Amino acid sequence: MKFQCRHLQLRQAGFLLQIDVELTGQVIGIFGSSGAGKTSLLEVIAGLRRPDSGVIAVDDRVLMDLSANLFLPPENRGVGYVPQDLALFPHLSVRKNLAYGHKPEAVPSGLNLAHVAEVLEIEPLLDRTIGQLSGGQKQRIAFARALLASPQLLLMDEPLASLDYELKLKIIPYLKRIRDEFKIPMLYVSHSPDEVIELCDQVIVLRGGKCLRTSRPDEIFEASTSMTLKPGIYDSSK
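This text gives an overview of the structure that appears in the document. (Residues numbered from 1 in each chain as written. Predicted model: local features only at pLDDT ≥ 70, side-chain atom pairs only at ≥ 80, totals over all residues. Heavy atoms only, no water.)

**Quick word on the overall build of the protein**
Under the convention used in this document: Helix and strand labels come from DSSP, where a helix needs a run of H or I of at least four residues and a strand needs a run of E of at least two; each type is numbered from the N terminus. Each residue's exposure class comes from its accessible area (1.4 Å probe, protein chains only) as a fraction of the maximum for that residue type: buried when under 20%, exposed when over 50%, partly exposed otherwise. Contacts are assigned to residue pairs with any non-hydrogen atoms lying within 4.5 Å of each other. Residue exposure ignores everything except the shown protein chains as possible cover, and the areas themselves are Shrake-Rupley values with a 1.4 Å probe.
Across its full length, the protein carries seven helices and 11 strands. Across the 238 residues in the protein, those meeting the buried criterion constitute 50%. Taking as baseline every contact in the protein between residues at least 6 positions apart, the subset at least 24 positions apart corresponds to 65%. Accessible area of the protein: about 11100 Å², with a carbon and sulfur share of 49%.

**Digging into the state of the cysteines**
Applicable threshold: A pair of cysteine sulfur atoms is labelled a disulfide when the two atoms are within 2.5 Å.
With the rule as written, the count across this model stands at zero disulfides. Cysteine Cys5 is unpaired, with the sulfur of Cys211 as its nearest cysteine sulfur at 9.3 Å.

**Side note on the environment of Gln202**
Relative to the elements of secondary structure, Gln202 occurs in strand 10 (residues 202-207). Put simply, Gln202 and Thr214 are 12 residues apart on the chain and 7.1 Å apart in space, counted from C-alpha to C-alpha. Ignoring sequence-local partners within four residues, the contact set of Gln202 consists of Leu23, Thr24, Val27, Ile28, Gly29, Ser215, Arg216 and Pro217.

**Considering helix 5 (residues 165-182)**
Put simply, the test is: For a helix, the expected span equals 1.5 Å multiplied by the number of residues minus one. Pairing of N or O atoms within 3.5 Å defines a polar contact, subject to two protein rules: one partner must be a possible hydrogen donor and the other a possible acceptor, and residues neighboring in sequence count only if both atoms are side-chain atoms.
Along its 18 residues, helix 5 runs 26 Å from first to last C-alpha, staying within 8% of the 26 Å computed at 1.5 Å per residue. The set of residues buried in helix 5 consists of Lys168, Ile171, Ile172, Tyr174, Leu175, Ile178, Arg179 and Phe182. Taken together, the buried residues of helix 5 touch strand 3 (27-31), helix 3 (113-119), helix 4 (135-147), strand 8 (153-157), strand 9 (186-190) and helix 6 (193-199). Between the side-chain oxygen at the start of helix 5 and the backbone nitrogen of Glu166 there is a gap of 3.3 Å, and the oxygen is on Asp164.

**Description of the layout of surface pockets**
Filter applied, for reference: Cavity and pocket criteria rest on a 1 Å grid covering protein atoms alone: a 1.4 Å probe that fits but cannot get out defines a cavity, protein on both sides within 12 Å along at least 5 of 7 lines defines an open pocket, and an atom within 4 Å of a point defines a lining residue. Grid points are joined across faces, edges and corners, and a volume is the space filled by probe spheres set on the points. Here the term charged refers only to Asp, Glu, Lys and Arg, the term nonpolar to Ala, Val, Leu, Ile, Met, Phe, Trp, Tyr, Cys and Pro, and the term polar to all other amino acids, Gly among them.
In this structure, the largest pocket occupies an estimated 520 Å³ of space. Along the wall of the largest pocket there are 20 residues; nearest its centre are Val79, Gly80, Tyr81, Tyr100 and Ala149. At the level of elements, strand 7 (79-82) and helix 4 are the ones that each hand at least two residues to the lining of the largest pocket. Ranked by residue count, the leading element in the lining of the largest pocket is strand 7, at three residues. Residue classes in the lining of the largest pocket are distributed as 13 nonpolar, three polar and four charged. Together, 12 residues line the second largest pocket, and Tyr165, Leu169, Ile172, Asp194 and Glu195 are the ones closest to its centre. The set of elements that each furnish at least two residues to the lining of the second largest pocket consists of helix 5 and helix 6. Counting residues per element, the lining of the second largest pocket draws most heavily on helix 5, which supplies six residues. Residue composition of the lining of the second largest pocket, grouped by class: six nonpolar, one polar and five charged.

**As for the nonpolar core**
This is how it is decided: For this analysis, a nonpolar core means a set of buried residues of the types Ala, Val, Leu, Ile, Met, Phe, Trp, Tyr and Cys, connected via side-chain atoms within 4.5 Å.
Core analysis: the biggest nonpolar cluster contains 44 residues, and Leu120, Phe143, Leu147, Ile178 and Tyr188 have the highest contact counts within it. For Ile178, the residues in contact, after removing those within four places along its chain, are Leu120, Phe143, Leu147, Leu154, Lys183 and Met186.

As structure tokens, then:
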């Protein structure tokens, strides 16, 4: 995936998001602390926020070019979005949650309910209600629903943030399966270096609404058990 976010500006309640990046990778991480602008950037890409200016393109598809008055609505962007709160419908069964937004006529070969359910190991859960699921099971249902929308791009907004460390370790292999089995480009928001280095081949580091650096995760994070940022990454003089 060639991802372009050029000359983007979004002003909101005293906060200014300014991004100008172009990079290539199958899974691109968006990393930063709370308040860095990660979710705001993802919502702009999804079409949920309209910025003041900018261009967003994925490969040869232009999703937004405000200089040309082009702003595709969310339903026309070919995006599968997993928000932080997962947005599952508690009054519906798992099967009916998966049917929401499902586009069987547009599903590529192999990207169907049976295959997605097999890869994410959710077949036994299909007839349960959302309230009967554990936290990790809910995550997998949210991933499956995003996939069944037949996306050309997956947007993941800190999907593991609410899980404890042990459960994260169980869910990360499913994200790797999504990456490796379905080959759908992904933008993955996280404040966890562990997740970024496990899943992403490129990363955008944000701070205060601005991009500090883009690079491979191993060039940004220390190779240690704590996976801390290398010295100088948050130094504004760098």
